[in-house]
Amino acid sequence: MSERIAVDARGMALVILSTVAFLYALQWSQKFLIPLVFGILISYTLNPLVQMQVRIRVPRALAVTLVLLVLTAAGGATANTLITEFRAIVTGLPTAAHKLSKTMSQAQENKDSIFKQVQEAAAELAKATAPAPAAGTHAARNQASPEPPSFRFNDWVWAGSLSAAEFAGQTAMVLFLVFFMLLSGDTFKRKLVKLTGPRLTQKKITVQILDEINSSIQSYMFMLLVTNVMLGLMTWLALRWIGLENAGAWAFAAALLHLIPYFGPILIMVALGVSALLQFGTVYSVLLTMGVSLAIATLVGTFITTMMTGRIAKMNPAAVFIGLLFWGWLWGVWGLLLGVPIIVVGKVIAQHIEGLQSIAELLGE
């Protein structure tokens, strides 16, 4: 007689209900949690720059202000440098859409005649088997069917303005959060250590967890900075060699989208292919541009980013990909951006807490 595994049905039901409630809470509070997580990651990343100034007797408030001013100025200078190219891309969108529509129409007309014959035969067959409509039915149906709503450009502009205003508000909130977190220094670390309990062992474990989270996030964010700058430069040089217009803007977009693992390189590859088709109009140029974009993303993403991420986080790729799918499903694009750092932090915490070692084992190599 085979042995059976005893299962606590009540405990399992509580775990399932708690998990569903937790997922709902994450989904419901994403507008609060996403800026919070971004602020924490950026503050961890910029903290070494602040600490360097504090060591040379610069007041912490002044050091934090200088770091954020330099960061904001660098972002503004980059945007100002590329704004002409981005404006050219946006201005050319109507012309590009017209060319793309014309190209698709020509491709539709140049289809093999066998498909047209099949469509015509199917239409004739449907017409022959359809019952004859009653008198006046067609006219009544035309009168009853409402006209499709027309596209209203003003509504689109208004929606885009609201999205831009919301993004600007969230960016300002993240910057203020980063400022106050950098200004606080080790205050929260000391408070967390104090709240863990009176035992020295618990305090040591908490300090170890916080130090590992700090080093892991800083190493991961530095790796992202290096690899994305490298990818942007390589893409810019390749697009200049091909002769694609607005190469700087496309390279900047490629570096930004590369922050989204797996899916970002696919999006920029498709966008570059469409841009090459509209500019050059040949299949060779499209394949060359898409192939170069894919080759650069594969080189940087597979061989450099994957290798460095493995050394930093020591996680297996399958678990990382499943985690990205989960966070992308939960928070969309922002979940794809924040998925890997959240998984890294979760793995570090699970390694040091009794009862969670199984999660660390699943995420580990």
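Residues numbered from 1 in each chain as written. Predicted model: local features only at pLDDT ≥ 70, side-chain atom pairs only at ≥ 80, totals over all residues. Heavy atoms only, no water.

The chain is annotated in an unreviewed UniProt entry as AI-2E family transporter from Noviherbaspirillum pedocola. Quoted verbatim from the Sequence similarities (unreviewed entry) field of the UniProt record, the comment on the chain reads "Belongs to the autoinducer-2 exporter (AI-2E) (TC 2.A.86) family." Recorded under Subcellular location (unreviewed entry), the UniProt text for the chain is reproduced unchanged: "Cell membrane". (UniProt positions renumbered as here; feature names shortened; annotations may be inferred.)

Take helix α11 (residues 263-280) next. Helix length check: α11 (18 residues) gives 26 Å between terminal C-alpha atoms against 26 Å at 1.5 Å per residue, within 8%. Every buried residue belonging to α11 is among G264, P265, I268, M269, L272, G273, S275, A276 and L278, and all of these are buried. G281 sits one or two positions beyond α11 and adopts a positive phi of about 75 degrees. (Helix = DSSP H or I, 4+ residues; strand = E, 2+ residues; numbered from the N terminus. Expected span 1.5 Å × (residues − 1). Buried < 20%, exposed > 50% of the residue type's maximum accessible area, 1.4 Å probe, protein only.)

L26, W327, W331, L338 and V340 are the most contacted members of the largest nonpolar core, which has 26 residues in total. Of all the elements in the fold, those that place two or more residues in this core are α2 (30-55), α9 (200-242), α13 (317-331) and α14 (333-352). Of all hydrophobic cores here, the second largest spans 17 residues; its members include L231, V286, V292 and A297. (Core = buried A, V, L, I, M, F, W, Y, C linked by side-chain atoms within 4.5 Å.)

Another aspect to go through is unusual backbone geometry. Positive phi outside glycine occurs at R57, with the angle close to 70 degrees. Here R57 shows up in the loop between α2 and α3 (60-91). Since its relative accessible area comes to 77%, R57 is described here as exposed. In this model, N246 sits at a positive phi of 55 degrees, which is unusual for a non-glycine residue.

What follows concerns the side chain of S293. With respect to the helices and strands, S293 occurs in helix α12 (residues 283-313). Owing to a relative accessible area of 10%, S293 belongs among the buried residues under this scheme. Those residues within four positions of S293 in sequence are excluded, and the remaining contacts are I268, M269 and L272. (Contact = heavy atoms within 4.5 Å.)

What follows deals with the packing of α9 against α14. Direction vectors running N to C along α9 and α14 enclose 155 degrees, while the axes themselves pass 10 Å from each other. Taken together, the axis directions place α9 and α14 in an arrangement best described as roughly antiparallel. Where α9 crosses over α14, the handedness of that crossing is right-handed. Side by side, α9 and α14 meet where I205, Q208, I209, E212, I213, S216, I217 and Y220 of the first sit next to V340, P341, V344, V345, V348, I349, Q351 and H352 of the second. (Axes fitted to C-alpha atoms, helices over the stretch in contact; angles between N-to-C directions. Parallel < 35°, antiparallel > 145°, perpendicular 65-115°, else oblique. Left-handed = near helix turned anticlockwise from the far one by under 90°.)

Attention now moves to the UniProt feature "transmembrane region" (unreviewed entry) in the chain. The UniProt feature table records "transmembrane region" (unreviewed entry) at residues 7-26, 32-50, 62-83, 156-183, 220-243, 249-274, 286-308 and 320-345. With 96% helix and 0% strand, residues 220-243 has end C-alpha atoms that lie 34 Å from one another. Helix makes up 81% of residues 249-274 and strand 0%, with an end-to-end C-alpha separation of 15 Å.

Going through the model one piece at a time under the given rule, you end up with five aromatic pairs. Seen from their ring centres, F38 and W334 are 5.6 Å apart, and the 90 degrees between their planes marks the pair as edge-to-face. On the criterion of sequence distance, the pair formed by F38 in helix α2 and W334 in helix α14 is long-range, its members being 296 residues apart. Since its relative accessible area comes to 21%, F38 is described here as partly exposed. The class for W334 is partly exposed, based on a relative accessible area of 33%. Here W327 and W331 contribute two aromatic rings whose centre-to-centre distance is 5.1 Å and whose plane-to-plane angle is 55 degrees, an arrangement assigned as tilted. Remark: W331 and W327 occur in helix α13; sequence separation between them is four residues, near one turn of the helix. Summarising the burial analysis for this pair, W327 and W331 share the class buried. Following the ring pairs from residue to residue traces out a cluster consisting of F326, W327, W329 and W331. (Phe/Tyr/Trp six-rings, centres within 6.5 Å; stacked < 30°, edge-to-face > 60°.)

In total, this model carries one cavity of 30 Å³ or more according to the counting rule given. Quantified by volume, the largest cavity comes out at close to 60 Å³. Lining of the largest cavity is provided by L231, T235, A254, H258, P265, I268, S293, I296 and A297. Top contributing element to the lining of the largest cavity by residue count: α12, with three residues. Per-class residue counts for the lining of the largest cavity are six nonpolar, three polar and no charged. (1 Å grid on protein atoms, 1.4 Å probe; cavity = no way out; pocket = protein on both sides within 12 Å on 5 of 7 lines; lining within 4 Å. Points joined across faces, edges and corners; volume = space filled by probe spheres on them. Nonpolar A, V, L, I, M, F, W, Y, C, P; charged D, E, K, R; others polar.)

Here we take up the confidence of the model for the chain. This prediction gives the chain a mean pLDDT of 75; 72% of its residues lie at or above 70. Between the elements of the chain, mean pLDDT differs from a low of 48, seen in helix α6 (residues 137-144), to a high of 87, seen in α2. Every residue in residues 147-151 is under pLDDT 50, and counting partners more than four places away or in other chains gives one contact. (pLDDT = per-residue confidence, 0-100.)

With that out of the way, let us pick up the layout of surface pockets. Counted as a void, the largest pocket has a volume near 2,300 Å³. Lining the largest pocket are 50 residues; nearest its centre among them are F38, I42, L71, L256 and L259. A class-by-class count of the residues in the lining of the largest pocket yields 35 nonpolar, 13 polar and two charged. The calculated volume of the second largest pocket comes to roughly 940 Å³. Around the second largest pocket sit 35 residues that line it, and I40, Y44, M181, L210 and I213 are the ones nearest its centre. At the level of elements, α2, α7 (153-184), α8 (187-195), α9, α13 and α14 are the ones that each hand at least two residues to the lining of the second largest pocket. The biggest single contributor to the lining of the second largest pocket is α2, with nine residues. Its residues assigned to classes, the lining of the second largest pocket comprises 23 nonpolar, eight polar and four charged.

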